[in-house]
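# Structural overview
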Amino acid sequence: MQAAALKLYAAPPEPMNRQDYRDAMSRLAAAVNVVTTDGPCGRAGFTATAVCSVSDDPPTLLVCLNRSASAHAAVVGNGNLCVNLLSAEQSDVSNLFGGKTPMAERFTADRWSISPNGSPVLAGAALAFDCRITQVTSVATHDVLFCEVLGVTLAEQANALLYFDRSYHPLPVSL
Ligand SMILES: NC(=O)c1ccc[n+]([C@@H]2O[C@H](COP(=O)([O-])OP(=O)(O)OC[C@H]3O[C@@H](n4cnc5c(N)ncnc54)[C@H](O)[C@@H]3O)[C@@H](O)[C@H]2O)c1
Ligand SMILES: Cc1cc2c(cc1C)N(C[C@H](O)[C@H](O)[C@H](O)COP(=O)(O)O)c1[nH]c(=O)[nH]c(=O)c1N2
């Protein structure tokens, strides 16, 4: 049986309601990342689902970062970042970096190393992209950070962590 479609189109010129937009976006399953930085502007990190590939030549990805986030000044000021893709067992790390916790406390619970480009790399992550920010474009409340990928560390095998319907879901590697 097909579920009835619920239409929530905004009637122009009225803009779409923010809550309706969030409710819709909660249906979009996403990988969970902790984006980190270190350098002259300090060590910082935040949880991000708004990460995607832009180009493979040169390897480039983008990260959307709210300008009101406490990590914003450090990430943009340092100009380097690491995208740590969380594995299925790391939802606690996502919660730790997902807001409110003081920045220094976020880095105490897990083991970290430093990438060649100077950003914190999380032990046990599914992968870590070591990046330098090449372009920052402000769109509405967020900065879109375009990042050249300088190197990647891949775990031999890792189950994925997905964020869907406002909660975490493990996705096992197929056998
Ligand atoms: N792109 C983002 O900035 C983003 C993404 C996910 C979650 N969050 C934040 O994490 C917290 C928990 O989120 P949740 O998913 O459990 O419930 P929620 O109802 O706040 O968000 C549902 C979905 O809407 C989108 N969204 C939420 N806030 C956004 C924002 N400020 N800008 C752009 N897109 C946004 C995301 O896709 C999110 O998964 C909230 O404070 C939320 O703002 C922000
Ligand atoms: C699952 C999930 C996914 C995201 C987030 C949260 C959570 C729980 N947050 C919010 C972000 O991590 C949080 O606002 C920052 O940590 C900033 O909080 P503080 O200002 O440091 O308290 C977030 N913020 C952002 O700018 N871009 C993003 O893609 C995401 N994605």
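Here the structure is a predicted model, which is why all the values come from computation and not from measurement.

All right, on to the UniProt feature "domain: Flavin reductase like" (unreviewed entry) in the protein chain then. UniProt records the feature "domain: Flavin reductase like" (unreviewed entry) at residues 25-170, using the numbering of this structure. Taken end to end, residues 25-170 has its terminal C-alpha atoms 19 Å apart, with 13% of it in helix and 50% in strand.

Let us now look at the pattern of salt bridges. Pairs can form between side chains of opposite charge once their charged atoms are near each other. Taken as a whole and assessed by the stated rule, the structure comprises three salt bridges. Between Arg166 and Asp23 there is a salt bridge, with its nearest N and O atoms 2.8 Å apart. In this pair, Arg166 sits in the loop between β11 (160-164) and β12 (167-171) while Asp23 sits in helix α1 (residues 18-25), placing the two residues 143 residues apart along the sequence. What makes Arg166 partly exposed here is its relative accessible area of 46%. Its salt-bridge partner being Glu148, residue Arg132 comes within 2.9 Å of it at the nearest N-O pair.

For the rest of this paragraph, the subject is the site of ligand 1. Around ligand 1, the structure places Arg22, Met25, Thr49, Ala50, Asn66, His142, Tyr163 and Arg166. Within the side chain of Arg22, a nitrogen or oxygen atom sits 2.8 Å from an oxygen atom of ligand 1. Separating an oxygen atom of ligand 1 from a side-chain N or O atom of His142 is a distance of 2.7 Å. Contact with the protein chains hides 61% of the accessible area of ligand 1, taken as 640 Å² for the molecule alone.

Here we take up the site of ligand 2. In the region of ligand 2, 17 residues are neighbours, and Asn66, Ser70, Phe97, Lys100 and Arg106 sit closest. Residue Thr47 places a main-chain N or O atom 2.8 Å away from an oxygen atom belonging to ligand 2. For ligand 2, an oxygen atom lies 2.8 Å from a polar atom in the backbone of Phe97. For ligand 2, the protein covers 77% of the area, taking 630 Å² as the surface of the free molecule. Elements with a contribution of two residues or more to the shell around ligand 2: β3 (44-48) and β5 (59-66).

Turning our attention to the environment of Val34. Position of Val34 relative to the elements: it lies in strand β2 (residues 33-37). Placed 51 residues apart in sequence, Val34 and Leu85 show a C-alpha to C-alpha distance of 6.6 Å.

Taken together, Met16, Tyr21, Met25 and Leu28 make up a surface patch of nonpolar side chains, about 400 Å² in accessible area. Along the polypeptide, Tyr21 turns up in helix α1.

Bridge analysis of strand β1 (residues 30-31) against β11 gives two bridges, and the strand direction is antiparallel. Counterpart to Ala30 in the pairing with β11 is Tyr163. Two elements, β11 and β12, share five bridges in a ladder whose sense is antiparallel. Within the sheet, the bridge partner assigned to Leu162 lies in β12 and is His169.

Quick look at the sheet that holds β1 now. If you walk across this open sheet you meet the three strands as β1-β11-β12, and the pairing is antiparallel. Edge strands, defined here as strands with exactly one partner in the open sheet, are β1 and β12.

About the cut-offs
Residues numbered from 1 in each chain as written. Chains lettered and ligands numbered in written order. Predicted model: local features only at pLDDT ≥ 70, side-chain atom pairs only at ≥ 80, totals over all residues. Heavy atoms only, no water. UniProt positions renumbered as here; feature names shortened; annotations may be inferred. Helix = DSSP H or I, 4+ residues; strand = E, 2+ residues; numbered from the N terminus. Salt bridge = Lys/Arg side-chain N within 4 Å of Asp/Glu carboxyl O. Buried < 20%, exposed > 50% of the residue type's maximum accessible area, 1.4 Å probe, protein only. Near = heavy atom within 4 Å. Polar contact = N/O pair within 3.5 Å; in protein donor to acceptor, adjacent residues only side chain to side chain. Areas by Shrake-Rupley, 256 points an atom, 1.4 Å probe, with all protein chains shown as cover. Patch = residues over 30% accessible without salt bridge, like charges linked within 9 Å, V, L, I, M, F, W, Y side chains within 5 Å. Pairing = 2+ DSSP bridges.

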